[in-house]
Amino acid sequence: METVEMNSVSLKRPHSEDDVANADEIKRQKISEKSKTGNDSGQSVETVTEQPDKSLLEDTKNEIIPNEESEEQEDEELEDSDEDGDPESFADMMKHGLTESDVGITKFVSSHKGFSGILKERYSDFVVHEIGKDGRVSHLDDFSVPVDDEDPSEETFTVLSDEDKQRLEELQLLKNKETSVAIEVIEDTKEKRTVIHQAVKSLFPGLETKTEDRDGKKYIIAYHAAGKKALAKVRTATDPRKHSWPKSRGSYCHFVLYKENKDTMDAINVLSKFLRVKPNIFSYMGTKDKRAITVQEIAVLRITAQRLAHLNKCLMNFKLGNFSYKNHPLKLGELQGNHFTVVLRNITGTDDQIEQAMHSLREIGFINYYGMQRFGTTAVPTYQIGRAILQNNWNEVMDLILKPRPGAEKGYLVKCREEWAKTKDPAAALKKLPVKRCVEGQLLRGLLKYGMKNIISAFGIIPRNNRLMYIHSYQSYVWNNMVSKRIEEYGLRAVPGDLTLKGATAVHIEEGDVDNYTIHDVVMPLPGFDVIYPKHKIGEAYKEMLVADNLDINNMRHKIRDYSLSGAYRKIIIRPQNVSWEVVAYDDPRIPLFTTDLDKLEGKPLPVLPTDGKFRALKMEFSLPPSTYATMAIREVLKMDTSIKNQTQLNTTWLR
């Protein structure tokens, strides 16, 4: 899974950016002064964020940014964290969270002195452009629609009244007892009737139309051709509605999705709602972070570019463009990676420090750790649940998910956990949950259905990707710890007994060949039944770590097939490509420091920046392959702990 991570270092504030802009500048100056005088180590970072418009937020899931394709969705833990309220209470709650050292992230490869900076002060300070399998970077630079004689006229989208659309939607979704909807043709011409026929069929898939005379007037009658069975059949990706779709036109409309402050799945859900189709007719190569501006390619089955382009008039924070028709969908993982444009504001490093840091990132790279969002943000890390699953300890799995826990959580989750601890009654605990989609709600529904003696089946109610998230988190936890040990033991050079890849096969580096390899060739395994381990001390360290967790490294097959781990290999050092950077001065924290694709399309000028502003920012660009975390690259530059716990402790003063 491709992910683009970053949110693990962002903290939300309960105020809008405009309301507190002036106060923000004063507070930043205070913090900056403190960091210069009171932080000799240079190992701090300020992380703040603006509060997005609540109307745009459907929920507050943890955001992702790894650069991975299957891992991206897994990293999005389903537990909501309650970040509203005063900053002191949030900071106090986050004392129970994880730090980097808790998940094995302890080493750096560069020798420069760290410095502080504000990461993701604005979501527009973090821009992600997808890199396709052909190496092309996705950009939104064209709103035009491919010319097609088969497309309906523009009038199709305006001919129906709001009342007509409401009745048609209710008919389409079988929300009432009506078997048809009659639309009177006010201006009775053949052309007008044709437009209404086209509008109903294109805007409300599953409906058919016919013309009838009633009392001397013409009506367009919309109806289901074969009732509920037809509706169920036509609204799937595998058996789409058999509208007239030109044979010469590819079945899939590919387009570039530009989105701001929304994750990919939320965006697709919104698009499906407006188009009145199922989300599963959309495909993509990877999910992108919420708290960012992201640009990626999407494909949709048998929806015209004209209909998609029409959405640009009614959607906020989305733009669709660069339309084309092709004969294939997109597949997860097909991308080459992502290109990042990141602004770190209010930096304290000297020009020399910054040059050293960025040269090191370009020439050596960074340790390819799994980022903090891989492990959750609450007091119960996801890897602990994964370990219990692998141990076949299902009572522990249930307890870890449902028991009361310290830390930042929604009030209703706290009440649900308290009820569970008191009664062990799934029905009673479920009543405390207004939101049943969360992992806790899903598990409780499973326990209600299957009973307390069948926890395995109850746990199976949780969607498969979310269940696998837990065991993959444990693999990541082991990998991070082992890589830190490997670098501590042998440094940044290849040594005999290390592993490298020959094609897709891992082989050991032999004594006589060691000079032919560098640290950039070395891989280490995620534990599983289909991998080999290093032949030096670290191979034994893997076994010892799993033994301490009551697991057998030689038997990673689970009696439930889904939870059997085959393992995989991962490079220990990643060297970003296309690295560039620039230090700029600025006065107003609300002013963007670069132009986006949308800015360019709308003809917005480049921001005019002062030469001697109050603050300095580091603008950096780099490309990463799939399955790598941008936060870990930024961590290497700033020499900072990217955990929310550490950032909150550093920034409580600023947040006041």
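This write-up is about the structure you can find in this document.

Reading guide: rules and limits
Residues numbered from 1 in each chain as written. Predicted model: local features only at pLDDT ≥ 70, side-chain atom pairs only at ≥ 80, totals over all residues. Heavy atoms only, no water. Helix = DSSP H or I, 4+ residues; strand = E, 2+ residues; numbered from the N terminus. Contact = heavy atoms within 4.5 Å. Phe/Tyr/Trp six-rings, centres within 6.5 Å; stacked < 30°, edge-to-face > 60°. Buried < 20%, exposed > 50% of the residue type's maximum accessible area, 1.4 Å probe, protein only. Lys NZ or Arg CZ within 6 Å of the ring centre and 35° of its normal. Expected span 1.5 Å × (residues − 1). Pairing = 2+ DSSP bridges. Axes fitted to C-alpha atoms, helices over the stretch in contact; angles between N-to-C directions. Parallel < 35°, antiparallel > 145°, perpendicular 65-115°, else oblique. Left-handed = near helix turned anticlockwise from the far one by under 90°. Nonpolar A, V, L, I, M, F, W, Y, C, P; charged D, E, K, R; others polar. Core = buried A, V, L, I, M, F, W, Y, C linked by side-chain atoms within 4.5 Å. Salt bridge = Lys/Arg side-chain N within 4 Å of Asp/Glu carboxyl O. Polar contact = N/O pair within 3.5 Å; in protein donor to acceptor, adjacent residues only side chain to side chain.

1. Side note on the overall build of the chain
And step 1. In terms of regular secondary structure, the chain is built from 20 helices and 18 strands.
And step 2. Put simply, 80% of the contacts in the chain that link residues at least 6 apart link residues at least 24 apart.

2. Description of the packing of aromatic side chains
The way to describe two aromatic rings as a pair is by their centre distance and the angle between their planes.
And step 1. Inspection of the entire model under this criterion finds 14 aromatic pairs.
And step 2. Centroid distance phenylalanine 340 to phenylalanine 622: 5.4 Å. Interplanar angle 25°. Geometry classified as stacked. Of the two residues, phenylalanine 340 sits in strand S10 (residues 337–345) while phenylalanine 622 sits in strand S18 (residues 615–624), which places them 282 residues apart along the sequence.
And step 3. A relative accessible area of 0% places phenylalanine 340 in the buried class.
And step 4. Since its relative accessible area comes to 0%, phenylalanine 622 is described here as buried.
And step 5. Every member of this aromatic cluster is reached through a ring pair, and the members are Phe375, Tyr383, Tyr474 and Tyr477.
And step 6. The ring of tyrosine 219 carries arginine 214 above its face, with NZ or CZ at 5.8 Å from the centroid.
And step 7. The ring of tyrosine 325 has arginine 249 lying over it, and the distance from NZ or CZ to the ring centre is 4.8 Å.

3. Considering helix H14 (residues 439–450)
And step 1. Taking 1.5 Å of rise per residue, 12 residues should cover 16 Å, and H14 covers 16 Å from first to last C-alpha, within 8% of that figure.
And step 2. Considered for burial, the residues of H14 that qualify are Val439, Glu440, Gly441, Gln442, Leu443, Leu444, Gly446 and Leu447.
And step 3. For H14, the secondary structure elements touched by its buried residues are helix H11 (394–402), helix H12 (411–423), helix H13 (426–431), helix H15 (455–459) and helix H16 (464–490).
And step 4. Once H14 finishes, glycine 451 follows within two positions and takes phi at roughly 95°, a positive value.

4. A short note on the sheet that holds strand S15 (residues 568–571)
And step 1. Pairing is antiparallel across the open sheet formed by 4 strands, whose spatial order is S13-S12-S14-S15. Pairing within the sheet leaves two strands with one partner each, and these edge strands are strand S13 (505–508) and S15. Direction aside, neighbouring strands of the sheet carry axes that sit 55° apart on average.
And step 2. Of the pairings in the sheet, the one linking strand S14 (residues 522–526) to S15 comprises 4 bridges and is antiparallel in character. Looking at the pairing, leucine 526 lines up with alanine 568 of S15.

5. Considering the packing of H11 against H14
And step 1. Direction vectors running N to C along H11 and H14 enclose 135°, while the axes themselves pass 10 Å from each other. Here H11 lies oblique to H14, going by the angle between them. Note that H11 runs across H14; the crossing there is left-handed. Two secondary-structure elements touch here, H11 through Met398, Ile401 and Leu402 and H14 through Val439, Glu440, Leu443, Leu444 and Leu447.
And step 2. For the contact of H11 with H14, a count of residues per class yields 7 nonpolar, no polar and 1 charged.

6. Observations regarding the nonpolar core
And step 1. Among the nonpolar cores identified, the biggest contains 101 residues, and Phe459 and Met620 are the most heavily contacted of them.
And step 2. At 12 residues, the largest contribution of residues to this core is made by H16.
And step 3. Once residues lying within four places of it in the same chain are set aside, the contact partners of methionine 620 are Phe340, Thr341, Val342, Leu344, Met358, Leu361, Ser580, Trp581 and Val637.
And step 4. Core analysis: the second largest hydrophobic core is formed by 27 residues, Tyr252, Cys253, Leu308 and Tyr325 among them.

7. Description of the pattern of salt bridges
And step 1. Here the structure, examined in full by the defined rule, presents 27 salt bridges.
And step 2. Notably, a salt bridge pairs lysine 217 with glutamate 184, separated by 3.8 Å at the nearest N-O pair. With lysine 217 in strand S5 (residues 217–224) and glutamate 184 in strand S3 (residues 180–184), the pair connects residues that are 33 residues apart, well separated along the chain.
And step 3. With a closest N to O distance of 3.9 Å, lysine 422 and glutamate 419 form a salt bridge. On the criterion of helical spacing, the pair formed by lysine 422 and glutamate 419 is a turn pair, its members being 3 residues apart in helix H12.
And step 4. Judged by its relative accessible area of 64%, lysine 422 falls in the exposed class.
And step 5. Linked through salt bridges whose partners overlap, the residues forming this network are Asp134, Arg136, Glu297 and Lys326.

8. Thoughts on the sheet that holds S3
And step 1. On the basis of which strands lie adjacent, the open sheet formed by 3 strands has the order S3-S5-S4 and antiparallel pairing. Bordering the open sheet on either side are S3 and strand S4 (207–214), each of which pairs with just one other strand. The average undirected angle you get between the axes of adjacent strands in this sheet is 25°.
And step 2. Sheet topology note: the S4/S5 ladder contains 8 bridges and is antiparallel. Within the sheet, the bridge partner assigned to lysine 210 lies in S5 and is isoleucine 221.
And step 3. Helix H4 (residues 162–172) rests against S3, S4 and S5 of the sheet, and its axis sits at about 160° to S3.
And step 4. Strand contacts of helix H5 (residues 190–203): S3, S4 and S5, with the helix running at about 145° to S4, the strand carrying the most contacts.

9. Focus on the pairing of S10
Within a regular strand, the side chains alternate between the two sheet faces.
And step 1. In terms of burial, S10 is a largely internal element, 9 of the 9 residues being buried.
And step 2. The alternating pattern of S10 places Gly337, His339, Thr341, Val343 and Arg345 and Asn338, Phe340, Val342 and Leu344 on opposite faces, both of which are buried.
And step 3. The pairing of strand S2 (residues 126–131) with S10 spans 6 bridges and is antiparallel. From the neighbouring strand, valine 128 faces S10, where its bridge partner is phenylalanine 340.
And step 4. Note: S10 against S18, 7 bridges, orientation antiparallel. Within S18, the residue paired with valine 343 across the bridge is lysine 619.

10. Regarding the packing of helix H10 (residues 382–390) against H11
And step 1. Two numbers describe how H10 lies on H11: the axes approach to 8 Å, and their chain directions differ by 160°. By the angle between their directions, the pair H10 and H11 is classed as roughly antiparallel. Regarding H10 and H11, the two cross each other, and that crossing is left-handed. Between H10, through Gln384, Ile385, Ala388 and Ile389, and H11, the contact on the second element is made entirely by Trp394, Glu396, Val397, Leu400 and Ile401.
And step 2. Taken together, the residues of the contact of H10 with H11 sort by class into 7 nonpolar, 1 polar and 1 charged.

11. Thoughts on the environment of valine 342
And step 1. Positionally, valine 342 belongs in strand S10.
And step 2. Between the C-alpha atoms of valine 342 and alanine 630, which are 288 residues apart in sequence, the distance is 9.6 Å.
And step 3. The residues touching valine 342, leaving out its near neighbours within four places in the chain, are Leu119, Asp125, Phe126, Leu618, Lys619, Met620, Phe622 and Ile634.

12. Concerning the environment of glycine 371
And step 1. Counting through the fold element by element, glycine 371 comes out in the loop between strand S11 (366–367) and H10.
And step 2. Look at glycine 371 and you get buried, because its relative accessible area is 0%.

13. Overview of the side chain of lysine 639
And step 1. Tracing the chain through its elements places lysine 639 in the loop between helix H19 (630–638) and helix H20 (644–655).
And step 2. For lysine 639, the side chain forms a polar contact with the main-chain oxygen of histidine 112, separated by 2.6 Å.

Any functional reading would require information beyond the geometric quantities listed.
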